[in-house]
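The lines below spell out each chain.
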Amino acid sequence: MLKQGEIVQLEIPLPEPEHPWMKFAGMYKDNPLFDEVQDYIKADREQLDAERSEYYCQLDAEETVK
């Protein structure tokens, strides 16, 4: 059966999928609270960074005591 078979090459165009997040792009562009939320996120990130920095400084201080 395989001796009589024929190999055929087909070119099948693949559809380019849309990026999964593109449907969300710009969804808050007209929201008046968007800038306020961005400011809150920035302040929260800065606070977390400061806390982490303080924690690492404490660890370093403990290491130098040992």
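Residues numbered from 1 in each chain as written. Predicted model: local features only at pLDDT ≥ 70, side-chain atom pairs only at ≥ 80, totals over all residues. Heavy atoms only, no water.

Break down the overall build of the chain for me, with residues and values.
Broken down by element type, the chain carries 1 helix and 0 strands. A compact globule built from 66 residues would reach a C-alpha radius of gyration of about 11 Å, whereas the chain, at 28 Å, exceeds it by more than 25%. Counting only C-alpha atoms and orienting by the principal axes, one finds that the chain spans roughly 80 × 50 × 15 Å. When burial is assessed residue by residue, the chain has 0% of its 66 residues classed as buried. Roughly 7,400 Å² of accessible area belongs to the chain as shown, and the carbon and sulfur atoms make up 57% of that amount. Within the chain, the 16 negative side-chain charges are centred at a point lying 7 Å from the centre of the 7 positive side-chain charges. (Helix = DSSP H or I, 4+ residues; strand = E, 2+ residues; numbered from the N terminus. Rg over C-alpha atoms; globule rule 2.2 N^0.38 Å. Buried < 20%, exposed > 50% of the residue type's maximum accessible area, 1.4 Å probe, protein only. Areas by Shrake-Rupley, 256 points an atom, 1.4 Å probe, with all protein chains shown as cover. Lys, Arg positive; Asp, Glu negative; His and termini not counted. Charge placed at Lys NZ, Arg CZ, Asp CG, Glu CD.)

Can you explain the packing of aromatic side chains? Please cite residues and give values.
Within this structure, the stated rule accounts for 2 aromatic pairs. Between the aromatic rings of Tyr28 and Phe34, the centroid separation amounts to 6.2 Å while the plane-to-plane angle is 15°, which identifies the pairing as stacked. Given the relative accessible area of 33%, Phe34 is considered partly exposed. Taken together, a centroid distance of 5.7 Å and an interplanar angle of 50° make the contact between Tyr55 and Tyr56 tilted. (Phe/Tyr/Trp six-rings, centres within 6.5 Å; stacked < 30°, edge-to-face > 60°.)

Any chance you could break down the pattern of salt bridges for me, citing the residues and the numbers?
Under the defined criterion, the tally for this structure stands at 2 salt bridges. In this structure, Arg45 engages Asp49 in a salt bridge whose closest nitrogen and oxygen atoms are separated by 3.3 Å. Of this pair, Arg45 and Asp49 are both found in helix 1 (residues 34-65), 4 residues apart, which corresponds to roughly one turn of the helix. With a relative accessible area of 41%, Arg45 lands in the partly exposed category. Ionic pairing is found between Asp49 and Arg52, a salt bridge with its closest N-O pair at 2.9 Å. Taken together, the positions of Asp49 and Arg52, both in helix 1 and 3 residues apart, correspond to about one turn of that helix. A relative accessible area of 35% places Asp49 in the partly exposed class. (Salt bridge = Lys/Arg side-chain N within 4 Å of Asp/Glu carboxyl O.)

Could you give an account of a nonpolar patch on the surface, naming the residues involved and the relevant values?
A cluster of nonpolar side chains, contributed by Trp21, Phe24, Met27, Tyr28 and Phe34, occupies part of the molecular surface with about 600 Å² of accessible area. Relative accessible area serves as the criterion here: at 65%, Trp21 is assigned to the exposed category. (Patch = residues over 30% accessible without salt bridge, like charges linked within 9 Å, V, L, I, M, F, W, Y side chains within 5 Å.)

The values are spatial; any link to function lies outside them.
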